[in-house]
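# Per-entry structural report
Read off the chains here:
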Amino acid sequence: MSKHHSSLLPSLLLLLLALPTWARHYTVIVSLDGYRWDYPQWYDTPFIDFMAEQGVSSGLVPSFPSKTFPNHYTLATGLYPDHHGIIANEFYDPTTGESFSLANAVQKSNPAFYGGEPIWNTAHRQGRRVAVFYWPGSDVKVNGRYPDKFFFYDQKPRLTMAQRLQGVVSELSLPERRRPDLIMAYLEQPDASGHNSGPQSKRTRAAVGEVDSLLQAMYLNIRQLSYADSVNLLVVSDHGMTWIPRDHAVSIGPSLKKEWVKMASGSVPCNVYVEPGCQDSVYEALRRVDHVKVWRKQDVPAYLHYGTHPRVGDVVVSPDEGFVIYEKDIIAGGTHGFDPTLPSMHALFRAMGPDFRHTEIPHFKNVDIYPLLCRLLGIEPAPNDGNIEEIETIVK
């Protein structure tokens, strides 16, 4: 090496030392199924309140229909259900003749139903690791691959909610080269209690308290890590919950002739798949039924972002809040699936950590979660329906 080049080394070294070093941050997102945005106003939620004091407090506007599978897959892809293909918890696919149902493990895990690119695939393509505890869709081989770590939801015994959140801490405790950049965890509560007893009940109060305690325990364990200040924590939900009285079942069967209909699927909403040439007959018959809104597929209001996918019914029947489409007697309890603009359907959003400001913002669309996660991971999002600019003020 020439004398001229060797004299540059100390200067270069000083310059490199002066440059800011990139700090690796980790992101944990936990979904509490069926957690209404206003449960913290009704119930004792010290940890969720603590998150609001430390970081971002808001709520999520779910996508239509406000059901578990469509919305969790929306959170993971940033696409409306009408665009990613999981258009309800149950539906018929006219192009293949197959039906999707949460009760059918084979169809539920069939990759052909799942469009878009979930965050765990986006992250993998760009060199990030992701561990997932039961997030809906994570045990499906979407685009030929699973997350780096995942669990089959239908495989028993299933991890308890406590074990899942302990698993989050275990993943964060791994050596740096094996540590996930993103960890996602799904908890069934308080949805299960909300269905059984309604949103305002002792049982739901207890479930809200239980998940709050579990989250606090997880957070306290994360704080023991030497790099705790590098961990972002988001707590979200997929939808809200509302009360359905026992006498609020709406029967549509008597209004329809059998020769008009191939299949009717779902209760909130109901997708009606019709025989050729029968769409208008079904529409005209059902629009006279009380307590429902009825649309031809092509006429679903634009704000619902629903009706372009082949799996959406030819006629969509959306019951008014507090009613369900059902041909038999029902048991009083809670449910969801209604118009996302209804406050009762809005879901929780809290976030805190090194990349979040302390602020409160109006409720925002859940399609924005995917681009937000991409921002936190420092990766380029796949095409999606979200808009990070809508929530730019919450990140540093």
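What you see is a predicted model, and the numbers here were worked out from it, not measured in a lab.

### Observations concerning the packing of helix H9 (residues 161–172) against helix H11 (residues 202–222)
Helices that pack against each other are described as a pair by the angle of their axes relative to one another and the distance between those axes. Interaxial distance between H9 and H11 falls to 10 Å at its minimum, and their mutual angle equals 20 degrees. Accordingly, the angle class assigned to the pair H9 and H11 is roughly parallel. The crossing of H9 and H11 is right-handed. Of the residues in H11, those touching H9 at Met161, Ala162, Leu165, Val168, Val169 and Leu172 are Glu210, Val211, Leu214, Leu215, Met218, Asn221 and Ile222. Grouping the amino acids of the contact of H9 with H11 by side-chain chemistry returns 11 nonpolar, 1 polar and 1 charged.

### A closer look at the nonpolar core
Ranked by size, the top nonpolar core spans 35 residues in total, and within it Val30, Met218 and Leu233 carry the most contacts. For this core, the elements supplying multiple residues, two or more each, are strand S1 (26–32), helix H4 (46–54), strand S5 (130–133), H9, strand S6 (182–187), H11, strand S7 (231–236) and strand S16 (347–352). At 7 residues, H11 tops the list of elements feeding residues into this core.

### Observations regarding unusual backbone geometry
Pro65 follows Phe64 through a cis peptide bond whose omega is 0 degrees. Summarising the element assignment, Pro65 is placed in the loop between strand S2 (56–61) and helix H5 (68–77). Note that the residue after Lys156, namely Pro157, is joined by a cis bond; omega there is -5 degrees. Relative to the helices and strands, Pro157 resides in the loop between S5 and H9. A positive phi angle, near 70 degrees, is found at Tyr134, a position not held by glycine. On the secondary structure map, Tyr134 appears in the loop between S5 and H9. Look at His305: it is not a glycine, yet its phi comes out positive at around 50 degrees. Following the sequence through the fold, His305 ends up in the loop between strand S12 (292–296) and strand S13 (315–319). Classification of His305 by relative accessible area gives partly exposed; the value is 29%.

### Quick notes on the pattern of salt bridges
Under the definition given, this model contains 15 salt bridges. For Arg296, the salt bridge goes to Asp299, with nearest N and O atoms at 3.6 Å. Taking the relative accessible area as the measure of exposure, Arg296 reaches 18% and is therefore buried. If you follow the salt bridges from partner to partner, you end up with Asp280, Glu284, Arg287, Arg296 and Asp299 in one network.

### Topic: the pairing of S13
Counting buried positions over the 5 residues of S13 gives 5, a clear majority of the element. Along S13, one buried face is formed by Val315, Val317 and Pro319 and the opposite face, lined by Val316 and Ser318, is buried too. Strand direction decides the pairing type here: strand S11 (residues 270–274) and S13, joined by 3 bridges, are antiparallel. Each residue of the ladder has a partner; that of Asn271, found in S13, is Val316. Pairing between S12 and S13: 5 bridges, direction antiparallel.

### Considerations on the confidence of the model for the protein
Averaged over all residues, the pLDDT of the protein equals 95, while 94% of them reach at least 70. Low pLDDT, under 50, characterises residues 18–22; the predicted model gives this stretch 0 contacts beyond four residues in sequence or across chains.

### A look at helix H12 (residues 279–286)
One turn of the α-helix equals 3.6 residues, which is why residues spaced by three or four share an orientation. Those residues of H12 lying buried are Gln279, Val282, Tyr283, Ala285 and Leu286. The buried residues of H12 occupy one face: seen down the axis, they fall within an arc of 165 degrees. Buried residues along H12 sit in contact with strand S10 (261–265), S11, S12 and S13.

### Observations concerning the environment of Pro180
Mapped onto the fold, Pro180 is located in the loop between H9 and S6. With a relative accessible area of 1%, Pro180 lands in the buried category. On a C-alpha basis, the gap between Pro180 and Val130 in space is 5.1 Å, while along the polypeptide they are 50 residues apart. Once you skip the residues sitting within four places of it in the chain, Pro180 turns out to touch Arg24, Tyr26, Arg129, Val130, Ala131, Glu171 and Leu174.

### Digging into the sheet that holds S13
Spatially, 4 strands are ordered S10-S11-S13-S12 in an open sheet, and the strand pairing comes out antiparallel. One side of each edge strand has no neighbouring strand; the edge strands of this open sheet are S10 and S12. Pairwise comparison of adjacent strand axes, ignoring direction, gives a mean angle of 15 degrees for this sheet. Against the sheet, H12 touches S10, S11, S12 and S13, its axis set at about 165 degrees to S12.

Rules of the game
Residues numbered from 1 in each chain as written. Predicted model: local features only at pLDDT ≥ 70, side-chain atom pairs only at ≥ 80, totals over all residues. Heavy atoms only, no water. Axes fitted to C-alpha atoms, helices over the stretch in contact; angles between N-to-C directions. Helix = DSSP H or I, 4+ residues; strand = E, 2+ residues; numbered from the N terminus. Parallel < 35°, antiparallel > 145°, perpendicular 65-115°, else oblique. Left-handed = near helix turned anticlockwise from the far one by under 90°. Contact = heavy atoms within 4.5 Å. Nonpolar A, V, L, I, M, F, W, Y, C, P; charged D, E, K, R; others polar. Core = buried A, V, L, I, M, F, W, Y, C linked by side-chain atoms within 4.5 Å. Buried < 20%, exposed > 50% of the residue type's maximum accessible area, 1.4 Å probe, protein only. Salt bridge = Lys/Arg side-chain N within 4 Å of Asp/Glu carboxyl O. Pairing = 2+ DSSP bridges. pLDDT = per-residue confidence, 0-100. Arc of directions from axis to C-beta.

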